[in-house]
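Below are the chains, spelled out letter by letter.
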2 protein chains.
Amino acid sequence: MPENAGRPGRQDLKGEKKMELVKGVRQTETLELGELLAEGMCGKTVKVNGAVHTIRDMGNVAFIILRKREGLVQCVYEEGVSGFDLKVVKEADTVCVEGELTRSDKAPGGVEIRLGKLEVLSSPAEPMPLKISKWKLDTSLEAKLNYRPISLRNIRERAKFKIQEGIVRGFRDFLYEQGFTEIHTPKIGAKSAEGGANLFRLDYFHRPAVLQQSPQFYKQMMVGVFDRVFETAPVFRAEKHNTKRHLNEYTSLDFEMGYIDGFEDLMAMETGFLQYTMKLLAEKYDRELKLLGVELPKTEEIPAVRFDEIKRLVAEKYDRKIRNPFDLEPEEEGLISRYAKEEWDADFVFVTHYPSKKRPFYAMDDPEDPTYTLSFDLLFRGMEITTGGQRIHDYNSLLEKMEKRGMTDEGMEQYLSAFKHGMPPHGGLGIGMERLTMKLLGEDNVRETTLFPRDLSRLEP
Amino acid sequence: MPENAGRPGRQDLKGEKKMELVKGVRQTETLELGELLAEGMCGKTVKVNGAVHTIRDMGNVAFIILRKREGLVQCVYEEGVSGFDLKVVKEADTVCVEGELTRSDKAPGGVEIRLGKLEVLSSPAEPMPLKISKWKLDTSLEAKLNYRPISLRNIRERAKFKIQEGIVRGFRDFLYEQGFTEIHTPKIGAKSAEGGANLFRLDYFHRPAVLQQSPQFYKQMMVGVFDRVFETAPVFRAEKHNTKRHLNEYTSLDFEMGYIDGFEDLMAMETGFLQYTMKLLAEKYDRELKLLGVELPKTEEIPAVRFDEIKRLVAEKYDRKIRNPFDLEPEEEGLISRYAKEEWDADFVFVTHYPSKKRPFYAMDDPEDPTYTLSFDLLFRGMEITTGGQRIHDYNSLLEKMEKRGMTDEGMEQYLSAFKHGMPPHGGLGIGMERLTMKLLGEDNVRETTLFPRDLSRLEP
C-alpha cells in the first residue's frame, strides 16, 4: 500500500499503483475571504480564486474585483509590475490570482491584493445579460427570475438566500436541542391531509397519486414514535392563486409534538425558535444582514390574542365593519399586524381560536365552544407565516369529526390506525420558509425570496 | 400589559385581558430520561409522561415500562402503596406518572420510579396488532410496512431512524463548516437533468411537467452563485425496478463545489463527511448504535481504484470473465467490496473513471482517454451509495457533448445560460440517504431504513 496520497492524481491511478488512499479534506493553497482578513496576513503572498465581478481600468492601473462566496476581494493590476497582460482577463472569467496582500482603506474589508500572477480558469461565451456588479439590480422581478442563475450572482440577491439558510438552520438546531427528531416523509402519496381540489395529481405506475400538500399525516403518526418530530421539505399546492404571497411549491418548516398541555405549548416552542434564530442570524449572518440593511424584529415577547377579539379590536380602532365573523380577509391580517405594532410594539402576533369551519378535520375544537378551535396563526408584519394548533388525539373523536364532515376513511386507514393504537395529546405547526424570509427582509413579493419559484405561469428555470 | 404569562391559558384569552404575551419555551414539570439519569436525582419525587410500552403484573407488584423518546423507564406499582388501581392503566395508554426515583440495578438505566400517582392521558381503541415491546419485531418486512406507524414504536425499529437523522445532520454540519450554502430547489420542473423514461409526469396547470430525478441542474447553476452548495431533499425516479436496493422516491444528499483541481477533491470532501459523521454518531447517537449493535466502519483512509483496474483485479482474483468492460453488474459491485475488504481491509471503496457512455452528458470526459470520465462511485459494503464527478464547465464543450448525444437545448436554456456566462471548474455528488443508512446498519433491504417507502407496489402509508 502506498504510504502517502490523500488526493490521488489521475497519473497515479493509471500508473503502476493499483490504488490510492483518500484521507479526507486537506487544506487548499487558495485562501477564502475570512483567511485573508485574519490578523497578520498583510505583507504575505496569497493565492486566491474567484469570479471576475468587475474590472475598472484606470490606464496604468486596474482594479479587478473578485467575487468569492464570502464577499468581494479587490485586486490591483499594475502595468509592468503584474506579470501578465490585462487583456487576458475579462468580466465573468473565473481566475486564480497570486500577489501580495496589502492594507488599503478604500478596498472592501480593508485589504487588497497587488497582483503578480493571474491564471484564467474559465471564460464566458457571451457578455452578461444583467449588470450583476451593481449594488442594486435595477431590473424587474420578471427579468431577475428569467435570468435566475445570473441575477443571483449579485451579492445582495444572493445574500437573501444565505439568510434563508440561517432560518432553516436555526429551526433545525433549535429543535434538536429541544429533543425533536428529524424525519423524511414521502411526497408522493395516495391521499393528502387536507384533500380537496388543490392537489397536483400524477400517475404512479397506473395508480392515481397526489403530491403532498403538507407532511401532516406523517408527522402526526411519528408523534407516536418519537414524541417530537420535525421536517424541512417541499410541499405542493395546486392553488390557482396569482398573488404576491402564494407559491405552488414551497419549503415548509414543520414540527409536531406530543404530551402538550395545550396549544399554548406550540406557540411557546415557535417563539423559542424565533428567539434562537434571530440570535443565530445576528451572530453568524451579520455580513448578509448588513448588506441588506436588515433590522431583526423583537421576539422576546409575542402577543397572543383571540380571533374574535382581535377582529373586534381592529373593527373598532380602524372603523371597519365585520363582514364575516368566521373568516379573516387579507386586509384584516394587515390591520391586525398594524394594531399589534401600534398598541403593543410587536412585529409578530399570534391569533388564536380560529373558527372550526375554517380548520381541517383533525383540528381540536375548543371544548368550551366548539365553534372555535384550539389553534392559531402567527402573523408577521401583515402576513400569515404559520398555521398550527392542537390535534384530536382520541380515535373515536377523530372518527366522529370525520363523519360530521361527511368524510370516509378511505385511504386513511394507516393514519387512523396510529390513533386506534394510542396517541398522546399533541399538536404542531407549519412555517412557510419563503414567507418568513420575505417578511424578515422587508420584500413585498414572495418570489424575491424563493430561489426558483413555481407559480401559475412559471415552471422554469 | 400583563406582567407575567409565557403560556396563556384559554381562560385568560377569553376573559378580561385582551392579550397575553408568549415568552418562549419554559421548563416543563415532567422530566425526560436524560434528566432522570442525572447525578443526585435518586430519592426525589419526579413527574414523567410516556406511552405504556408494557405491563408485567406480578401480583402485589407490577412493572409498568414507559416508552419515552430517549428510551424506556421502569415504573413500579405496589398495591396499597401506589395511589391508584392498576386496572385503570393498559398497554398503549399514554400517561403521566409521579413517584420517587430510586436506584435499581435491574431497571434500564439503573433507576426506577416507585409510583405514587398515575393519570391516563389517552387510551387506544384496540389492542396492538404487533407486539412492539419485543426486543426484535419478529414479523415480516411486509407486515412492518403495513403497520408502519405501529411497528416504528419498537425501540430498535425507531433507533434506525434516529441514526439516519445523525447521518443527515452530519452531512449538513460538516458542509456548513466547509463553506457550503444550503439551497432549496424545486421538485416540479419542465425538464429533468437525466431525462429519459424514468420520470414521473404530471399536469402543471395544463403544461406537461416532471418530478426531478436529482437537483443536478440547480446545484450546478448555484455553483456560479455560492461556489459550494448542498441540498438534502427528496428525488423521484419512476424506475420499474423491484429490488432490495431501489426506491421510487428517496432522500438525496447532494453537494456541488466550484474551483476544484480535479474530481479527487470531491472524493476528499466525501471522505471528510464520512469521518465527521462517524464521529458525530459515536458521540451523540451512542445509545442507538448500542441498541442496534452497530460497529462503525473505518473512514480514515478510503481506497480509490480505477474502474478498468478493479474489474481486472476482481476477475483475476475471483476467476470471473469480464463480460462487458464498460459496465458493472451488481454482482461485481459485491466482489469489488469483497476485494477491498480482503486486500485493503476497507468497508468503503471509490471506483473512479467510469466509462463515458454510462455517465450523463454533463460528466467531464478524461482528456487522456475520452472513453472514460473524471468521475467515481463510492461503494459501501457491496453497494453503490454515491455517484459523483467533475462536470463540464465550458459552454462550448457542453454544447458539443450534447450534440454528440443527439440532444437539443430545449427546456435547458436557463441551465446553459449559467455556463454561457461563466462557470468555474466544478463537480459534485449525490448520496442515497436510505442506502447509506441500510449499509451502516447491516440491513439487507433498503425499505428497512426508509420511514415510508415508495416502490412499485407501495404508495401507502
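Calculation rules
- Residues numbered from 1 in each chain as written.
- Chains lettered and ligands numbered in written order.
- Predicted model: local features only at pLDDT ≥ 70, side-chain atom pairs only at ≥ 80, totals over all residues.
- Heavy atoms only, no water.
- Helix = DSSP H or I, 4+ residues; strand = E, 2+ residues; numbered from the N terminus.
- Buried < 20%, exposed > 50% of the residue type's maximum accessible area, 1.4 Å probe, protein only.
- Contact = heavy atoms within 4.5 Å.
- Areas by Shrake-Rupley, 256 points an atom, 1.4 Å probe, with all protein chains shown as cover.
- Lys, Arg positive; Asp, Glu negative; His and termini not counted.
- Charge placed at Lys NZ, Arg CZ, Asp CG, Glu CD.
- Least-squares fit on C-alpha atoms with pLDDT ≥ 70 in both.
- Buried area = accessible area lost by both parts, 1.4 Å probe.
- Salt bridge = Lys/Arg side-chain N within 4 Å of Asp/Glu carboxyl O.
- Polar contact = N/O pair within 3.5 Å; in protein donor to acceptor, adjacent residues only side chain to side chain.
- Nonpolar A, V, L, I, M, F, W, Y, C, P; charged D, E, K, R; others polar.
- Axes fitted to C-alpha atoms, helices over the stretch in contact; angles between N-to-C directions.
- Parallel < 35°, antiparallel > 145°, perpendicular 65-115°, else oblique.
- Left-handed = near helix turned anticlockwise from the far one by under 90°.
- Pairing = 2+ DSSP bridges.
- Domains from an automatic or database assignment.
- Phe/Tyr/Trp six-rings, centres within 6.5 Å; stacked < 30°, edge-to-face > 60°.
- Expected span 1.5 Å × (residues − 1).

## Topic: the overall build of chain A
In terms of helices and strands, chain A carries 13 helices and 19 strands. Principal-axis analysis of the C-alpha atoms gives chain A an extent of 85 × 65 × 40 Å. Classification of the 461 residues of chain A by burial places 63% in the buried group. Within chain A, residue pairs in contact and separated by at least 24 positions form 63% of the contacts whose partners lie at least 6 positions apart. On chain A, roughly 18000 Å² of surface is accessible, and the fraction owed to carbon and sulfur atoms is 46%. Positive and negative side-chain charges of chain A, numbering 69 and 77 respectively, have mean locations separated by a distance of 4 Å.

## A closer look at the relation of the copies chain A and chain B
Structural alignment of chain A on chain B gives an RMSD of 0.1 Å, achieved by rotating through 180° and translating 0.0 Å along the axis. Both copies of the chain, as the preceding transformation shows, are related through a two-fold rotation axis. Residue Leu202 of chain A of chain A places its C-alpha closer to the rotation axis than any other residue of that unit, at 2.5 Å. A shared interface surface links the copies, since 99% of the contact residues of chain A are contact residues in chain B too.

## Concerning the interface of chain A and chain B
The interface is formed by 144 residues belonging to chain A together with 144 residues belonging to chain B. When chain A packs against chain B, close to 12000 Å² is buried across both sides, 59% of that on carbon and sulfur atoms. At the junction of chain A with chain B, the criterion picks out four salt bridges. In this structure, the connection of chain A to chain B is made through 57 residue pairs in polar contact (both at pLDDT 80 or more). Here the side of chain A that touches chain B gets nine residues from one element, more than from any other, and that element is helix 5 (residues 155-177) of chain A. Per-class residue counts for the side of chain A that touches chain B are 70 nonpolar, 31 polar and 43 charged.

## Looking at the environment of Gln213 of chain A
Residues and elements named next belong to chain A. Counting through the fold element by element, Gln213 comes out in the loop between strand 10 (207-211) and helix 6 (216-226). Sequence separation of Gln213 and Leu292 is 79 residues, and the distance between their C-alpha atoms is 32 Å. A distance of 3.4 Å separates a polar atom in the side chain of Gln213 from the backbone oxygen of Asn198.

## Describing the packing of helix 5 of chain A against helix 13 (residues 433-441) of chain A
All names here are of chain A. Remark: helix 5 packs on helix 13, axes separated minimally by 10 Å, with the N-to-C direction vectors making an angle of 120°. The angle between helix 5 and helix 13 places the two elements in the oblique class. Regarding helix 5 and helix 13, the two cross each other, and that crossing is right-handed. Listed contacts from helix 13 to Lys160, Ile163, Gln164, Ile167 and Val168 of helix 5 are Met433, Glu434, Leu436, Thr437, Leu440 and Leu441. When the residues that make up the contact of helix 5 with helix 13 are grouped by side-chain class, the tally is seven nonpolar, two polar and two charged.

## Focus: helix 13 of chain A
Residues and elements named next belong to chain A. The element helix 13 is extensively covered by neighbouring structure, given that nine of its nine residues are classed as buried. Of all the positions in helix 13, only Met433, Glu434, Arg435, Leu436, Thr437, Met438, Lys439, Leu440 and Leu441 are classed as buried. Immediately downstream of helix 13, the backbone of Gly442 shows phi near 70°, a positive value.

## Details of the pairing of strand 2 (residues 45-57) of chain B
All names here are of chain B. Pairing of strand 2 with strand 5 (residues 94-103), which is carried by seven bridges, proceeds in the antiparallel orientation. The residue of strand 5 that forms the bridge with Ala51 is Thr94. Relative to strand 3 (residues 61-68), strand 2 runs antiparallel, the two being bridged by six bridges. Among the inter-strand pairings, Val52 is bridged to a residue of strand 3, identified as Leu66. Counted along the chain from strand 2 to the antiparallel partner strand 3, the turn is three residues long, and its residue Gly59 has a positive phi close to 105°.

## Considering the sheet that holds strand 2 (residues 45-57) of chain A
The strand order around the closed barrel formed by five strands is 2-3-4-6-5 (chain A), and the pairing between neighbours is mixed. Between one strand and the next, the sheet's axes are offset by a mean angle of 55°, whatever the strand orientation.

## Description of the pattern of salt bridges
Note on pairing: side chains with opposite charge can pair once their charged atoms come close. Counted under the stated rule, the structure contains 91 salt bridges over all chains. Here Glu448 of chain A makes a salt bridge to Lys144 of chain A, at a shortest N to O gap of 2.8 Å. On the criterion of sequence distance, the pair formed by Glu448 of chain A in the segment after helix 13 and Lys144 of chain A in helix 3 (residues 141-146) is long-range, its members being 304 residues apart. One salt bridge in this structure joins Lys358 of chain B and Asp327 of chain B, with 3.3 Å as the shortest N-O distance. Residue Lys358 of chain B is located in the loop between strand 14 (348-352) and strand 15 (365-366), and its partner Asp327 of chain B is located in the loop between helix 9 (307-317) and helix 10 (330-344); the two are separated by 31 residues in the primary sequence. The structure contains a network of salt bridges with shared partners spanning Lys144, Glu157, Lys160, Glu443 and Glu448 of chain A.

## Concerning the domain arrangement of chain A
The domains assigned to chain A are domain 1 (33-122) and domain 2 (155-449). In this structure, domain 1 of chain A and domain 2 of chain A have C-alpha centres spaced 47 Å apart.

## Comments concerning the packing of helix 5 (residues 155-177) of chain B against helix 7 (residues 264-284) of chain B
Residues and elements named next belong to chain B. Where helix 5 meets helix 7, the axes come as close as 8 Å, and the angle between the chain directions of the two elements is 130°. Judged on the interaxial angle alone, helix 7 and helix 5 are oblique. In this structure, helix 5 meets helix 7 at a crossing whose hand is right-handed. On helix 7, the residues that touch Ile163, Gly166, Ile167, Arg169, Gly170, Phe171, Asp173, Phe174, Leu175 and Glu177 of helix 5 are Met269, Gly272, Phe273, Tyr276, Thr277, Leu280, Leu281 and Lys284.

## Here we look at the packing of aromatic side chains
In total, this model carries 44 aromatic pairs over all chains according to the counting rule given. On the numbers, 5.7 Å between centres and 70° between planes, the contact of Phe205 of chain A with Phe200 of chain B is edge-to-face. Remark: Phe200 of chain B occurs in the loop between strand 8 (188-189) and strand 9 (201-204) and Phe205 of chain A occurs in the loop between strand 9 (201-204) and strand 10; the pair is interchain, linking two chains. Relative accessible area serves as the criterion here: at 15%, Phe205 of chain A is assigned to the buried category. Its relative accessible area of 2% is what places Phe200 of chain B among the buried residues. Plain terms: the ring middles of Phe326 of chain A and Tyr372 of chain A are 6.4 Å apart, the flat faces sit at 45° to each other, and that makes the pair tilted. Taken together, the residues span a long stretch of sequence, with Phe326 of chain A in the loop between helix 9 (307-317) and helix 10 (330-344) and Tyr372 of chain A in strand 16 (residues 369-373) at a distance of 46 residues.

## Looking at the sheet that holds strand 18 (residues 383-391) of chain A
Pairing in this open sheet of nine strands is mixed, and the strands run 7(A)-11(A)-12(A)-19(A)-18(A)-17(A)-14(A)-13(A)-1(B) from one edge to the other. One side of each edge strand has no neighbouring strand; the edge strands of this open sheet are strand 7 (181-182) of chain A together with strand 1 (19-22) of chain B. Pairing analysis gives two bridges linking strand 7 of chain A to strand 11 (residues 228-236) of chain A, with the strands arranged parallel. Among the inter-strand pairings, Glu182 of chain A is bridged to a residue of strand 11 of chain A, identified as Phe230 of chain A. The strands touched by helix 6 of chain A within the sheet are strand 7, strand 11, strand 12 (249-258), strand 18 and strand 19 (426-432) of chain A, with strand 12 of chain A carrying the most contacts at an inclination of about 30°.

## Digging into the environment of Glu295 of chain B
Residue and element names in this part refer to chain B. Within the secondary structure layout, Glu295 lies in the loop between helix 8 (286-292) and strand 13 (302-306). On the accessibility criterion, Glu295 (69% relative accessible area) is exposed. C-alpha separation for the pair Glu295 and Leu440, spaced 145 residues apart in sequence, amounts to 8.3 Å.

## Examining the side chain of Arg172 of chain B
Mapped onto the fold, Arg172 of chain B is located in helix 5. Among all residues touching Arg172 of chain B, those that are not within four sequence positions of it are Arg172, Tyr176, Glu182, His184 and Thr232 of chain A together with Glu182, Phe230 and Thr232 of chain B.

## Points about helix 7 (residues 264-284) of chain A
For helix 7 of chain A, spanning 21 residues, the distance from its first C-alpha to its last is 30 Å, which sits close to the expected 30 Å at 1.5 Å a residue. Among the 21 residues that make up helix 7 of chain A, 15 are buried, leaving the element largely enclosed by the rest of the structure.

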